[in-house]
Amino acid sequence: MRNGDVSFWQHDLGSPARRAPLAGDDRCDVAIVGGGLTGLWSAYYLAAARPDLDVRIVERRFAGYGASGRNGGWLSAELSGSRERYAAAHGRAAVVSLLAAMREAVDEVIDVAASEGIDADIVKAGTYVVARNRAQLARLHADVAWQRDWGATDADVRVLDAAELDGELRVAGARAATFTPHCARVHPAKLVRGVAAAVERRGVTIHEGTTALAVEAGAVRTDRGTLRARHVLRCLEGFTAGLPGARREWLPMNSSMIVTAALPADVRAAIGWRDPATLGDFAHAYVYAQLTADGRIALGGRGNPYRFGSRTDVDGRTQPGTVAALTAMLHDLFPATAGVAVEHAWCGVLGVPRDWCTTVAYDAGTGLGTAGGYVGNGLTTTNLAGRTLADLVLGRETALTGLAWVGRDVRRWEPEPLRWQGVQGMYALYRTADRRERRPGSRETSRWARVADRLSGR
Ligand SMILES: Cc1cc2nc3c(=O)[nH]c(=O)nc-3n(C[C@H](O)[C@H](O)[C@H](O)COP(=O)(O)OP(=O)(O)OC[C@H]3O[C@@H](n4cnc5c(N)ncnc54)[C@H](O)[C@@H]3O)c2cc1C
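The protein is annotated in an unreviewed UniProt entry as Glycine/D-amino acid oxidase from Jatrophihabitans endophyticus.

And the structure:
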């Protein structure tokens, strides 16, 4: 089994041809730090609106090296963070607009991929989220009621009983599932490499192999020289903590994945899964999975949630214990996969703000902007955030610049060792809660999960 090598998705496509680094001190109109989807989408919409602007991206390794080329491939309309918290600051209507904008953004990504000729194995087949014990079932019904309270209709979310789910996808022990159509399955590396190529076709320069050492008003200082610009956008999500002064801003939360070999026909027949709807569950330490275009299961979960001192992984290498736990989960969900090889495991970091809500920010005075803190729902969100950053940079007042996540002020994470203890403790509690909820007779959400919710401030 391969471990690391950035991700299965990147390995699947082979090493990308590297773009040239920044060639010494230079100047441009907009300097973007980070060649993931936040940076790339921002550049894409800026270049589309103002082809005359000199837009540059500074990327430490290669475009798509981070979470954008390692994720689970759920192009979903899920909004991270507490809707109630966004509403407290901006009002309920602003949150309803944000939810609608997320749904539209799924289609925007699909449309841009089609118009730019990006073949990223995109199929909009929705998402199933399964409940496998009574406590999870109670959460499923509470979640549907809560979504309806926020305006969701039958067209947005419906409940399938175990027999109905079985007709689509056979998950061991499933009692029921929700289904939402607002999600597409994608091959993440194909998407991010395609967007990078589209951005270049629009005249944007991507300086790879160039590390930002400091991001300041009017300049990005790198190991290859200083890039001066009127507008500077920091688009580093889970890597933000690597910049001086930003260590406690967004916590680099780890997520790990495994992928199987292509499923043999009899295993596939045992599981069903004709349409490639993505799959999640109602556990506290939840899993997420997709069926790839070449018939593999890619499955992810939290693993070791956080490295002391906000450190990040080395080229996606994950711990053997995490691989074993994810493999056990795969076999638990789909016993028919017991004899199927796991071919590749990897991990990556995503950004978590202290209040677990996404932020898009731009200061017209300094010209500094940023977007991130998508808490695991970044694939669609990067597109909406990138479009919003583009409008903010161009000084346009649009529906996007009024969205509920623009310009939020979020407190920082605690210093170490509190940060490490808090995150490890929170996930230990969630795992305890999941174990207790699996016991026969358990009916409700475990109190350990409620303690973890309070501890995390979610
Ligand atoms: C394993 C995993 C599974 C996930 N699954 C899903 C999913 O299914 N659906 C979903 O919606 N979201 C998912 N996410 C989250 C989503 O992938 C991210 O939120 C999103 O891709 C973030 O994009 P980004 O461009 O902001 O950051 P990134 O893609 O991380 O890009 C940041 C870039 O900055 C570069 N960089 C770092 N430091 C520097 C520096 N000093 N100077 C220059 N460049 C630097 C990095 O090399 C990287 O390319 C997942 C994340 C992970 C890790």
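And the narrative resumes.
Engineer: Explain the domain arrangement of the protein to me, using residue names and the numbers behind them.
Structural biologist: Entries for the protein in the domain assignment read domain 1 (2–78 + 188–250 + 355–402) and domain 2 (416–458). Each of domain 1 and domain 2 was reduced to a C-alpha centroid, and the two centroids are 34 Å apart. When the buried surface of domain 1 facing domain 2 is broken down by residue, Arg247, Arg248 and Trp356 rank first, second and third, together holding 91% of it. Between the two partners, domain 1 and domain 2, sit zero salt bridges. In the side of domain 1 that touches domain 2, the residues fall into one nonpolar, no polar and three charged.

Engineer: Before we move on, could you go through the side chain of histidine 344 and cite the residues and values that matter?
Structural biologist: Relative to the elements of secondary structure, histidine 344 occurs in strand E17 (residues 342–352). Residue histidine 344 is classed as buried on the basis of its relative accessible area of 2%. In terms of polar contacts, histidine 344 uses its side chain to reach the backbone carbonyl oxygen of glycine 4, at 2.8 Å. When sequence neighbours within four positions are dropped, the list of residues in contact with histidine 344 reads Met1, Arg2, Gly4, Asp5, Ser7, Phe8, His11, Met257, Ile258 and Val259.

Engineer: Could you give me a rundown of the pattern of salt bridges, with the residues and numbers involved?
Structural biologist: According to the stated counting rule, one finds 24 salt bridges in the structure shown. For arginine 50, the salt bridge identified is with aspartate 52, shortest N-O distance 2.8 Å. The partly exposed category is assigned to arginine 50, whose relative accessible area is 34%. Between arginine 56 and aspartate 54 there is a salt bridge, and its shortest N-O distance comes to 2.9 Å. We classify aspartate 54 as partly exposed; its relative accessible area is 26%. Ionic contacts of the salt-bridge type, sharing partners, join the residues Arg19, Glu200 and Glu208 into one network.

Engineer: Now, about the site of the ligand: what can you tell me, with residues and values included?
Structural biologist: Near the ligand, the surroundings consist of 35 residues, among which Thr38, Glu59, Ser68, Glu237 and Leu379 are the closest. Contact with the protein chains removes 98% of the 1,000 Å² of surface that the ligand exposes when unbound. Tallied by class, the residues present in the shell around the ligand amount to 14 nonpolar, 17 polar and four charged.

Engineer: Got a sec to walk through the packing of helix H3 (residues 83–90) against helix H4 (residues 92–115)? Specific residues and values, please.
Structural biologist: Two packed helices can be described by the angle between their axes and the distance between those axes. Contact geometry of H3 with H4 gives a least axis separation of 7 Å together with a crossing angle of 130 degrees. Looking at the two axes, H3 sits oblique to H4. When the axes of H3 and H4 are compared, the crossing they make is right-handed. Seen from H3, the contacting residues are Arg83, Tyr86, Ala87 and His90; seen from H4, they are Arg92, Ala94, Val95 and Leu99. The residue inventory of the contact of H3 with H4, partitioned by class, reads five nonpolar, one polar and two charged.

Reading the values: rules and limits
- Residues numbered from 1 in each chain as written.
- Predicted model: local features only at pLDDT ≥ 70, side-chain atom pairs only at ≥ 80, totals over all residues.
- Heavy atoms only, no water.
- Domains from an automatic or database assignment.
- Buried area = accessible area lost by both parts, 1.4 Å probe.
- Salt bridge = Lys/Arg side-chain N within 4 Å of Asp/Glu carboxyl O.
- Nonpolar A, V, L, I, M, F, W, Y, C, P; charged D, E, K, R; others polar.
- Helix = DSSP H or I, 4+ residues; strand = E, 2+ residues; numbered from the N terminus.
- Buried < 20%, exposed > 50% of the residue type's maximum accessible area, 1.4 Å probe, protein only.
- Polar contact = N/O pair within 3.5 Å; in protein donor to acceptor, adjacent residues only side chain to side chain.
- Contact = heavy atoms within 4.5 Å.
- Near = heavy atom within 4 Å.
- Areas by Shrake-Rupley, 256 points an atom, 1.4 Å probe, with all protein chains shown as cover.
- Axes fitted to C-alpha atoms, helices over the stretch in contact; angles between N-to-C directions.
- Parallel < 35°, antiparallel > 145°, perpendicular 65-115°, else oblique.
- Left-handed = near helix turned anticlockwise from the far one by under 90°.

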